[in-house]
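# Summary of structural features
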Amino acid sequence: MLKWKELYNECLNCNKCSLKYSSNNMVFGDGNPRSKIMFIGEAPGADEDRLGKPFVGRAGQLLTKGLTTLDLIRERDYYICNICKCRPENNRTPREEEAEACLPYLRNQTALIKPKVIVCLGSTAMKYILGADWRITRDRGKWVERKGCYIMATFHPAALFRDESKKVLFWEDLKSVKGKLDELKKDS
Ligand code: URA
């Protein structure tokens, strides 16, 4: 297992898939790596690729706003990253081989952070973290415990722009995350 800086450099120099050649920046992650909660999305979009930070575009801002309302502040309270660290052209879903090439980096990051809570944002993150048999509309909001870590999937914030009715459920899920964190704090 690599240490944080070594891992960052390894990702920077990675050429395990072709996304490196179609993107401008490797987007490692953002927030507090010492916090106990990780949010995991799919892959950087255009704004993230330009700025080198995850979830800074329209969808990211919506998520950040929701979390801030719950007093979860990125720099202080959580770490956020993606299944793939480089942007697929035109924001297409990462191919299986691209995700598989990038996953060892995410696993290493997760092993260093040791989160107590992981939130998968959208079906791509859910598929690679919880399993291919999980379905976002059916299974969002459900908690599972794996090796002492509580994992849940919710809608990708970008999906809320396409279907406004998802906003209520998404908000319920975020509140459930806050509830889980409070519960864990009480027990510790
Ligand atoms: N969508 C994602 O899944 N990740 C980002 O970083 C931005 C948009």
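Structure's up top.
Here's what I pulled together on the structure shown here. None of these values were measured; they are calculated from a predicted model. (Residues numbered from 1 in each chain as written. Predicted model: local features only at pLDDT ≥ 70, side-chain atom pairs only at ≥ 80, totals over all residues. Heavy atoms only, no water.)

Moving on, we come to the environment of Cys 84. Along the chain, Cys 84 turns up in the loop between β3 (79–82) and α6 (96–113). For Cys 84, the contacting residues outside a window of four places in its chain are Leu 19, Glu 42, Ala 43, Pro 44, Pro 94, Glu 98, Ala 99 and Cys 102. (Helix = DSSP H or I, 4+ residues; strand = E, 2+ residues; numbered from the N terminus. Contact = heavy atoms within 4.5 Å.)

For the rest of this paragraph, the subject is the packing of aromatic side chains. Taken as a whole and judged by the stated rule, the model has four aromatic pairs. When the centroid spacing of 5.5 Å and the interplanar angle of 75 degrees are considered together, the rings of Trp 4 and Tyr 79 count as edge-to-face. With Trp 4 in helix α1 (residues 4–12) and Tyr 79 in strand β3, the pair connects residues that are 75 residues apart, well separated along the chain. Here the guanidinium or amino end of Arg 58 rests over the ring plane of Phe 161, the centre of that ring lying 3.7 Å away. (Phe/Tyr/Trp six-rings, centres within 6.5 Å; stacked < 30°, edge-to-face > 60°. Lys NZ or Arg CZ within 6 Å of the ring centre and 35° of its normal.)

Its volume calculated, the largest pocket comes out at about 620 Å³. Forming the boundary of the largest pocket are 30 residues, of which Glu 42, Ala 59, His 156, Ala 158 and Arg 162 lie nearest the centre. Breaking the lining of the largest pocket down by element, the ones donating at least two residues are α3 (46–51), α4 (58–69), α7 (123–129), α8 (136–139) and α9 (159–162). Residues of the lining of the largest pocket, tallied by class, amount to 12 nonpolar, 11 polar and seven charged. Considered as a void within the structure, the second largest pocket measures approximately 440 Å³ in volume. Along the walls of the second largest pocket sit 16 residues, with Thr 110, Ile 118, Ile 129, Lys 147 and Ile 151 positioned nearest its centre. Only α6, α7 and β6 (149–154) provide two or more residues apiece to the lining of the second largest pocket. Counting residues per element, the lining of the second largest pocket draws most heavily on α6, which supplies four residues. When grouped by side-chain class, the residues that make up the lining of the second largest pocket number nine nonpolar, two polar and five charged. (1 Å grid on protein atoms, 1.4 Å probe; cavity = no way out; pocket = protein on both sides within 12 Å on 5 of 7 lines; lining within 4 Å. Points joined across faces, edges and corners; volume = space filled by probe spheres on them. Nonpolar A, V, L, I, M, F, W, Y, C, P; charged D, E, K, R; others polar.)

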